[in-house]
Amino acid sequence: MTKVMGAAMRRIQAGNALTAFGIGFTVPFLYIYVAQVRGLGSMAATSAFVAFAVSALVALPLTGRVIDRRGPVPVVIGAAVAASAGALSLGLSTGLVPILLSALALGAGQAVMQPALATMIVWCSTPSTRTRAFALQFFMQNLGLGIGGLIGGQIVDESRPASFTLLFGIEAVMFLVLAGVILTVRMPHAPSIKDAVPRDASQAGGGAWKRLLEHRAMVKLLVLGFVIFFACYGQFESGLAAFGTEAAGISPSTLGFALAANTGAIVVAQFVVLKLVEKRRRSRVIALVGLIWTVAWVIAGFSGLGHGSAMMAAAAFITTYALFGIGEAMLSPTLAPLVADLAPEGSVGQYNSAFALVKQMALALGPLGVPLGAGVPMLYIGVFVLVSLGIAWLALRLGKQLSAVQDKPSLLKGEAVPAPAAPALEPERVPA
């Protein structure tokens, strides 16, 4: 069983990394491709991004039920094929309607893959190894995105539309590679944790959402997740970028360095941070991330005050993105495993899909910070300082809803606390 789980996990992680590599080829250049290369303008490019968000919001509420009934493997394969078709079509499209339809297919495929791959990792791990498995997934994703973006930047040429077609073609191939890798994965015949694999398909039926919304700990985690994703990922390329360019006078090249610093901080710090957090309470780790991001927003505010040189402002802005990266490295082995540990029997896919849906909603609403960041910059900073402090407060509140093992899974290694047969819908309250 252990050998099967190990081999399956390695293939899942490899496929995940190759997919991230393919996505990295196109994501940084999608706006330029639609608006300039195809000559459709900024509104068309914005519509393409909206199509990504809409397709995810439509597909994800249905995804969890399918994963729990049919298993994650066919869902990943189907999503990969759909995303591949969308990517290839996007690279060949010249008109607005074909581009929007392609974006819908690509966005839906990418969105559905997330909870399905997460469920595969849950099935192939144990509570004591899951933290490290999700940390490795996040590390490989960021490494793949960074390398893909770097290589894609050397290939792309605005004067040659064929160079963009090549990028989207590479992305399409990477999705098919993922499907091929997942086809070879031999999932364990028995769940690695009790009740991880549903025994009764009816438990993933129409009452799954009702049961999830009655699960107080999961609802609090969904609220916390929304705030985290809105305050971090939702601002990276929208509100915070607008604040940097308008209020702090940051050049586009400096913004590129800031994004690179974010990825670099994740890649460098991931496994150092993992050793520090895997034996600590998850709720307190998340609370600490809120405090780190509070400092990050304060430093960002300093860059926009105009009291220092342009170099100081740039350094402060880059530091902000690096601090966000350290916080992300702390969250990757914390949030996703906690979702899995909260899921009751037959609902791992449903819970993963719900969390992915919350993330997509936060990302879709992220650009609401642009007018504030560009027009009232210090108010923008003040709002997100308070939001980051709110993350710390919500995390400590969530800790009161978790069992000892859910909050600190390292207890299982020493068998100080017995693992529950199935996570209860209302976990026992323990001191945070």
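Residues numbered from 1 in each chain as written. Predicted model: local features only at pLDDT ≥ 70, side-chain atom pairs only at ≥ 80, totals over all residues. Heavy atoms only, no water.

A. Here's a closer look at the overall build of the chain. Summing up its helical and strand segments, the chain has 19 helices and zero strands in all. Residue burial in the chain is summarised as follows: out of 432 residues, 53% are buried. (Helix = DSSP H or I, 4+ residues; strand = E, 2+ residues; numbered from the N terminus. Buried < 20%, exposed > 50% of the residue type's maximum accessible area, 1.4 Å probe, protein only.)

B. View of the side chain of D341. Its location among the elements puts D341 in helix α15 (residues 335–342). Within the structure, D341 has its side chain in polar contact with the side chain of R130 (distance 2.5 Å). (Polar contact = N/O pair within 3.5 Å; in protein donor to acceptor, adjacent residues only side chain to side chain.)

C. Up close: the packing of helix α5 (residues 96–123) against helix α16 (residues 348–365). With their axes 8 Å apart at the nearest point, α5 and α16 run at an angle of 140 degrees to one another. With respect to α16, the element α5 is oriented oblique. Helix-helix and strand crossings are classified by hand; for α5 and α16 the assignment is right-handed. Of the residues in α16, those touching α5 at Q114, P115, A118, T119 and V122 are V348, G349, N352, S353, A356, K359 and Q360. Class assignment for the residues of the contact of α5 with α16 results in five nonpolar, six polar and one charged. (Axes fitted to C-alpha atoms, helices over the stretch in contact; angles between N-to-C directions. Parallel < 35°, antiparallel > 145°, perpendicular 65-115°, else oblique. Left-handed = near helix turned anticlockwise from the far one by under 90°. Contact = heavy atoms within 4.5 Å. Nonpolar A, V, L, I, M, F, W, Y, C, P; charged D, E, K, R; others polar.)

D. Up close: the packing of aromatic side chains. Summed over all chains, the structure comprises 15 aromatic pairs. An angle of 50 degrees between the planes, with centres 5.2 Å apart, marks the rings of F317 and Y321 as tilted. Of this pair, F317 and Y321 both sit in helix α14 (residues 310–331), four residues apart, roughly one helical turn. Residues F317 and Y321 agree in their burial class; the two are buried. Here the aromatic residues F226, F230, F243, W293, W297, F324, Y380 and F384 are joined through ring pairs into a cluster of three or more. Positioned over the ring face of Y233 is K359, at 5.3 Å from the centre of the ring. (Phe/Tyr/Trp six-rings, centres within 6.5 Å; stacked < 30°, edge-to-face > 60°. Lys NZ or Arg CZ within 6 Å of the ring centre and 35° of its normal.)

E. Structural context of the nonpolar core. Membership of the largest hydrophobic core comes to 111 residues, with the highest contact counts inside it found for I182, L221, L240 and W293. By residue number, the principal contributor to this core is α5, which donates 12 residues. Counting residues in each nonpolar core, the second largest holds five residues, with A56, L60, A111 and A356 among its members. (Core = buried A, V, L, I, M, F, W, Y, C linked by side-chain atoms within 4.5 Å.)

F. Structural context of the packing of helix α3 (residues 41–70) against α5. At a minimum axis separation of 7 Å, α3 and α5 run at an interaxial angle of 40 degrees. Where α3 crosses over α5, the two elements pack in a sense that is right-handed. Of the residues contributing to the contact of α3 with α5, the split by class is 19 nonpolar, five polar and no charged.

G. Fine view of helix α4 (residues 72–92). Between its first and last C-alpha atoms α4 spans 30 Å; for 21 residues at 1.5 Å apiece the expected length is 30 Å, and the two agree. Of all the positions in α4, only P72, V75, V76, I77, A79, A80, A83, S84, G86, A87, L90 and G91 are classed as buried. For α4, the elements touching its buried residues are α2 (30–37), α3, α5 and α7 (161–183). (Expected span 1.5 Å × (residues − 1).)

H. Representation of helix α9 (residues 216–231). Between its first and last C-alpha, α9 extends 23 Å over 16 residues, near the 22 Å set by a 1.5 Å rise per residue. Of the residues making up α9, those classed as buried are A217, M218, L221, L222, L224, G225, V227, I228, F229, F230 and A231.

I. Looking closely at the pattern of salt bridges. The tally for this structure, following the rule as stated, stands at six salt bridges. Linking E214 and K210 is a salt bridge whose minimum nitrogen-to-oxygen distance equals 2.6 Å. The class of K210 is exposed, set by a relative accessible area of 54%. One salt bridge in this structure joins D341 and R282, with 2.9 Å as the shortest N-O distance. On the criterion of sequence distance, the pair formed by D341 in helix α15 and R282 in helix α13 (residues 282–303) is long-range, its members being 59 residues apart. Take D341 and R282: they sit in the same class, and that class is buried. Salt bridges linked by common partners bring R130, R282 and D341 together as one network. (Salt bridge = Lys/Arg side-chain N within 4 Å of Asp/Glu carboxyl O.)

J. Representation of the environment of L394 in the model. Relative to the elements of secondary structure, L394 occurs in helix α18 (residues 377–399). Taking the C-alpha atoms as reference points, L394 and K220, 174 residues apart in sequence, are found 7.8 Å from one another.

K. Expanded view of the confidence of the model for the chain. Considering every residue of the chain, the mean pLDDT works out to 83; 88% of them sit at 70 or more. Of the regions scoring below 50 in pLDDT, residues 189–205 engages in 39 contacts with residues more than four places distant in sequence or in other chains. Within the model, pLDDT remains below 50 along residues 414–432, and this stretch shows 49 contacts once partners closer than five positions in the same chain are excluded. (pLDDT = per-residue confidence, 0-100.)

L. Structural detail: the environment of L167. Examined against the element boundaries, L167 turns out to sit in helix α7. Placed 138 residues apart in sequence, L167 and F29 show a C-alpha to C-alpha distance of 9.5 Å. Not counting residues within four places of it along the chain, the set of residues in contact with L167 comprises F25, T26, F29, G152, I155 and V156.

M. The environment of N262, seen in detail. Tracing the backbone through its elements, the reader meets N262 in helix α12 (residues 252–277). C-alpha of N262 to C-alpha of T319: the two residues are 57 residues apart in sequence and 8.6 Å apart in space. With sequence-adjacent residues up to four places away left out, N262 is seen in contact with F236, Y321, A322, F324, G325 and E328.

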